[in-house]
Amino acid sequence: MSTPKSKIKQTVEQMLGPYLDDNGFELVDVEYVKEGSNWFLRIFVDKEGGIDIDDCGIISEYFSQKLDKNDPIPEAYFLEVSSPGAERPLKKASDVAKAVGKDVYVTVYEPIQGLKEFEGRLLSFENEELLISAGKKEHVVPYAKVASARLAIIF
């Protein structure tokens, strides 16, 4: 019987969180997904100034040892530790706040002014509202209506 994905994510966050905090890293996201016949546990980590391959290796080695002692996942899986990338997901309100002044891509649960997607510069995040400048228009997006958000690379 497999463990629910949300329980695995929560357990991994609890196991890894203190180590990452103590060493100046930020846990951005945890994914447990099946691709084809294989399961993948993906851990996305960042730090001030960015994360490199050596950082990923150190975290992977530490976490592999923790998992050897107390593995919450019954299935066989591949462990991947990586950077969230240039289009980093903005999972928490604190992530959105840090993205002010940067380009973002935001989707919403229900249309706002007829739109479900917004891509542009995040001008502010105040009073639980995102102010996004897209071209010559500015859009106010209530944070409660945000389905997903990430940094964007706009050409």
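Bear in mind the structure is a predicted one, so any value in this text is a computation, not a measurement.

Considerations on the overall build of the protein
Across its full length, the protein holds 3 helices and 8 strands. Ordering the α and β elements of the protein from the N terminus gives α-β-β-α-β-α-β-β-β-β-β. Each of the three principal axes of the protein carries a C-alpha extent, and together these read 55 × 35 × 30 Å. Considering the protein as a whole, with its 155 residues, one finds that 37% of them fall into the buried category. Counted over contacts in the protein with a minimum sequence separation of 6, partners at least 24 positions apart contribute 55%. Carbon together with sulfur atoms contributes 49% to the accessible area of the protein, which is approximately 9,300 Å² in total. Charge separation in the protein, taken as the distance between the mean sites of 19 positive and 27 negative side-chain charges, equals 4 Å.

Overview of the sheet that holds strand β5 (residues 115–126)
Hydrogen bonding along the main chain pairs the strands of a sheet, whether they run parallel or antiparallel. Reading across the sheet, the 5 strands line up as β7-β6-β5-β4-β8 and stay open at both edges, with antiparallel pairing between neighbours. Every other strand in the sheet has two partners, leaving β7 (137–142) and β8 (146–151) as the edge strands with one partner each. Strand-to-strand twist of the sheet, defined as the mean angle between neighbouring strand axes without regard to direction, takes the value 40°.

Remarks on the side chain of E26
Take E26: it is sitting in strand β1 (residues 26–35). Setting aside chain neighbours within four positions, we find E26 in contact with F44, V45, D46, R88, K92, D95 and K98.

Focus on the packing of aromatic side chains
Aromatic rings in a pair are described by how distant their centres are and how their planes are angled relative to each other. Across all of its chains, the model carries 5 aromatic pairs by this definition. Geometrically, the ring pair formed by Y32 and W39 is stacked, given 4.6 Å between the ring centres and 15° between the ring planes. Here the aromatic cluster, defined as three or more aromatic residues joined through ring pairs, consists of Y32, W39 and Y77.

Quick word on the pattern of salt bridges
Scanning the model with the defined rule gives 13 salt bridges in all. Residue R88 is joined to D46 by a salt bridge in which the shortest nitrogen-to-oxygen separation is 3.0 Å. Note that R88 is positioned in the loop between β3 (78–82) and α3 (93–98) and D46 in strand β2 (residues 38–46), a separation of 42 residues in sequence. The exposure classification of R88 matches that of D46, with both residues buried. Through salt bridges that share partners, E26, D46, R88, D95 and K98 make up one connected network.

Overview of the environment of V104
Tracing the backbone through its elements, the reader meets V104 in strand β4 (residues 103–112). Taking the C-alpha atoms as reference, V104 lies 7.0 Å from A149; in sequence the two are 45 residues apart. In this view, V104 contacts L90, A99, F118, E119, G120, L122, I132, R150, L151 and A152; residues no more than four positions away in its chain are not counted.

Some details on the nonpolar core
With 22 residues, the main nonpolar core has L20, L41, I43, V45, I59 and F63 as its most contacted residues. Listed by contribution, the elements that provide at least two residues to this core are α1 (5–22), β1, β2 and α2 (53–69). A per-element tally of this core places α1 first, with 6 residues. If sequence neighbours within four positions are ignored, L41 has contacts with I8, V12, V30, E31, Y32, F63, L67, I73, Y77, F78, L79 and E80. Ranked by size, the runner-up nonpolar core spans 16 residues in total, among them L90, V96, V141 and L151.

Analysis parameters
- Residues numbered from 1 in each chain as written.
- Predicted model: local features only at pLDDT ≥ 70, side-chain atom pairs only at ≥ 80, totals over all residues.
- Heavy atoms only, no water.
- Helix = DSSP H or I, 4+ residues; strand = E, 2+ residues; numbered from the N terminus.
- Buried < 20%, exposed > 50% of the residue type's maximum accessible area, 1.4 Å probe, protein only.
- Contact = heavy atoms within 4.5 Å.
- Areas by Shrake-Rupley, 256 points an atom, 1.4 Å probe, with all protein chains shown as cover.
- Lys, Arg positive; Asp, Glu negative; His and termini not counted.
- Charge placed at Lys NZ, Arg CZ, Asp CG, Glu CD.
- Pairing = 2+ DSSP bridges.
- Axes fitted to C-alpha atoms, helices over the stretch in contact; angles between N-to-C directions.
- Phe/Tyr/Trp six-rings, centres within 6.5 Å; stacked < 30°, edge-to-face > 60°.
- Salt bridge = Lys/Arg side-chain N within 4 Å of Asp/Glu carboxyl O.
- Core = buried A, V, L, I, M, F, W, Y, C linked by side-chain atoms within 4.5 Å.

These figures capture arrangement, not role.
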